[in-house]
Amino acid sequence: MTDPGERLRSSLAADLPPPVAEFDSPIAMEAMRATRVLHAGDQDPFPAPGRIRVVTIANQKGGVGKTTSTVNLGVALSLFGLRVLVIDLDPQGNASTALGVDHVVGTPSIYDALVGESTLAEVTHPTTASPNLRCVPATIDLAGAEIELVSVVAREHRLRRAIEAHLHALPAEERPHYVLIDCPPSLGLLTLNALVAGDEVLIPIQCEYYALEGLGQLLSNIELVRAHLNPGISVSTILLTMYDGRTKLADQVADEVRNHFGELVLSSVIPRNVRVSEAPGYGQSVLTYDPGSRGRPATSRPPASWRSAARSSVPSSPSSPHRRLPHPPRRRR
């Protein structure tokens, strides 16, 4: 089993250029990361993908970091020159809050595009994080969308068609490089719309006991969507969140996930950090709220797997409804 301190140091050094990766002091590494974020405009932009990438961030378990991952990845990509559209598909509207977008009742939102006749352009709002980052907010009205869509023909394709129409209507120089869809903590019709609309799935997994129990159902649903509704969907990235290096349990869960999913799991992990929880209260991401925070080692740059695949197709998911998932680690006496 990896030493917790060594795993954290590896996470902090992940994705850094060689001279910086040699820094053994976490303080030095975080100072370098903060400098990079604060002076993002002075650095070379991240390479643009060869096509627009629509990424669904999904996990039916609540509180695993879906919204935090969506917001901070979106901000990181936009700060370094890429255009990003975040679609908040969670009726709680937490992604909208974190990006400084109003989502009170009556605000033009994703509900109007799914249930009404509005286009995505009519419900897209600028954010306070970056001029390259725009957001389609969610209001509490979205909570009733699943019931209202029951009788609608092709209800599973509503979001996909809205995104395709929006991208087609935009001039090439204004189209986003990335579309990030923040899903609600359920496997209902809203999440199904997100899976049908996306090209790939990012799954945040909390480093705790219950993290793996619902993962099998999510992967089975992704396989069903691929078989019947969206042949191009695949699991491209798994992100370990809320890692606590002081506990053996976090290491056990991380090892189980890495052993099962291999290269799909990012080398960086998101450790538990109070700055990550504080940032949304100020309408900011953790990158802008505290650029030197240890809570954002995996969100200061896009995942390495994304950068290496920027100009290539996404590999198909190795998951299968018949493949055995890792068991949650047994409690040791």
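Residues numbered from 1 in each chain as written. Predicted model: local features only at pLDDT ≥ 70, side-chain atom pairs only at ≥ 80, totals over all residues. Heavy atoms only, no water.

Peer 1: I'd love a proper account of the overall build of the chain, names of residues and values included.
Peer 2: Within the chain one finds 15 helices and 8 strands. Expressed as a percentage of its 333 residues, the buried residues of the chain come to 52%. In the chain, 78% of the contacts between residues at least 6 apart in sequence involve partners at least 24 apart. (Helix = DSSP H or I, 4+ residues; strand = E, 2+ residues; numbered from the N terminus. Buried < 20%, exposed > 50% of the residue type's maximum accessible area, 1.4 Å probe, protein only. Contact = heavy atoms within 4.5 Å.)

Peer 1: Explain the side chain of Ser236 to me, and be specific about the residues and the numbers.
Peer 2: Along the chain, Ser236 falls in strand E7 (residues 235-243). With a relative accessible area of 9%, Ser236 lands in the buried category. At 2.8 Å, the side chain of Ser236 forms a polar contact with the side chain of Glu200. (Polar contact = N/O pair within 3.5 Å; in protein donor to acceptor, adjacent residues only side chain to side chain.)

Peer 1: Report on the sheet that holds strand E4 (residues 133-136), specifying residues and quantitative values.
Peer 2: One open sheet holds the 8 strands; their spatial order is E3-E4-E2-E5-E1-E6-E7-E8, and the pairing between them is mixed. One side of each edge strand has no neighbouring strand; the edge strands of this open sheet are strand E3 (125-126) and strand E8 (265-271). Sheet analysis places strand E6 (residues 200-206) next to E7, joined by 6 bridges and oriented parallel. Bridge pairing in E7 links Gln206 to Thr241. Helix-sheet contacts for helix H4 (residues 66-79) involve strand E1 (53-57), strand E2 (84-88), E4, strand E5 (178-182), E6 and E7, and the interaxial angle to E5 is about 165 degrees. Docked against the sheet, helix H11 (residues 215-228) engages E6 and E7, running at close to 175 degrees with respect to E6. (Pairing = 2+ DSSP bridges. Axes fitted to C-alpha atoms, helices over the stretch in contact; angles between N-to-C directions.)

Peer 1: How would you sum up the pairing of E7? Please name residues and give values.
Peer 2: With respect to burial, E7 is a largely interior element, 8 of its 9 residues being buried. On the question of chirality, the crossover connecting E6 to the parallel E7 by way of H11 is right-handed. Handedness of the crossover joining E7 and E8 through helix H12 (residues 248-261) is recorded here as right-handed. (Right-handed = clockwise from strand over helix to strand, strands pointing away.)

Peer 1: I'd like a rundown of the packing of helix H9 (residues 158-169) against helix H10 (residues 189-197), residues and numbers included.
Peer 2: A pair of packed helices is characterised by two quantities: the angle between their axes and the separation of those axes. Relative to each other, H9 and H10 sit at 45 degrees, their axes nearing to 7 Å. In terms of their interaxial angle, H9 and H10 are classed as oblique. For the element pair H9 and H10, the recorded crossing hand is right-handed. Together, Arg158, Leu159, Arg160 and Ile163 of H9 and Asn193, Ala194, Val196 and Ala197 of H10 make up the contact between the two elements. Partitioned by chemical class, the residues of the contact of H9 with H10 number 5 nonpolar, 1 polar and 2 charged. (Parallel < 35°, antiparallel > 145°, perpendicular 65-115°, else oblique. Left-handed = near helix turned anticlockwise from the far one by under 90°. Nonpolar A, V, L, I, M, F, W, Y, C, P; charged D, E, K, R; others polar.)

Peer 1: Before we move on, can you summarise H10 with the specific residues and values?
Peer 2: A large share of H10 lies buried, amounting to 8 of its 9 residues. Along H10, the residues that are buried comprise Leu189, Leu190, Thr191, Asn193, Ala194, Leu195, Val196 and Ala197.

Peer 1: Explain unusual backbone geometry to me, using residue names and the numbers behind them.
Peer 2: Phi angles above zero are rare outside glycine, and Ala154 is one such case at about 55 degrees. Among the structural elements, Ala154 can be located in the loop between helix H8 (145-148) and H9. By relative accessible area, which is 22% here, Ala154 ends up partly exposed. The backbone of Met242 shows a phi angle near 55 degrees, a positive value even though the residue is not glycine. Looking at the element boundaries, Met242 is found in strand E7.

Peer 1: Kindly report on the environment of Tyr243, identifying the contributing residues and their values.
Peer 2: Counting through the fold element by element, Tyr243 comes out in strand E7. Placed 26 residues apart in sequence, Tyr243 and Val269 show a C-alpha to C-alpha distance of 6.7 Å. Side-chain polar atoms of Tyr243 contact the side chain of Asp251, separated by 2.7 Å.

Peer 1: Lay out the environment of Val152 with the relevant residues and their values.
Peer 2: Among the secondary structure elements, Val152 is positioned in the loop between H8 and H9. According to the relative accessible area criterion, Val152 is partly exposed, its value standing at 24%. Counting along the chain gives 37 residues from Val152 to Val115, while the straight-line C-alpha distance between them is 9.0 Å.

Peer 1: Could you give me a rundown of the nonpolar core, with the residues and numbers involved?
Peer 2: It is characteristic of soluble globular proteins that their nonpolar side chains tend to be buried jointly. Counting residues in hydrophobic clusters, the biggest one holds 51 residues, and the most contacted among them are Ile87, Ile110, Ile181 and Ile203. Other than its neighbours up to four places away in sequence, Ile110 contacts Ile87, Asp88, Leu89, Leu120, Val136, Pro137, Ala138, Leu142 and Leu159. By size, the runner-up hydrophobic cluster in this structure holds 28 residues, among which are Leu73, Ala76, Cys135 and Leu239. (Core = buried A, V, L, I, M, F, W, Y, C linked by side-chain atoms within 4.5 Å.)

Peer 1: Any chance you could break down the pairing of E2 for me, citing the residues and the numbers?
Peer 2: Within E2, 5 of the 5 residues are buried, which leaves the element mostly enclosed by the surrounding structure. By the alternation rule, side chains of E2 split into Val84, Val86 and Asp88 and Leu85 and Ile87, which are all buried. Both E2 and E4 contribute to a ladder of 4 bridges, which runs parallel. Note on E4: the bridge partner recorded for Val84 is Leu133. In the sheet, E2 pairs with E5 via 5 bridges, with the strands oriented parallel. Counterpart to Val84 in the pairing with E5 is Tyr178.

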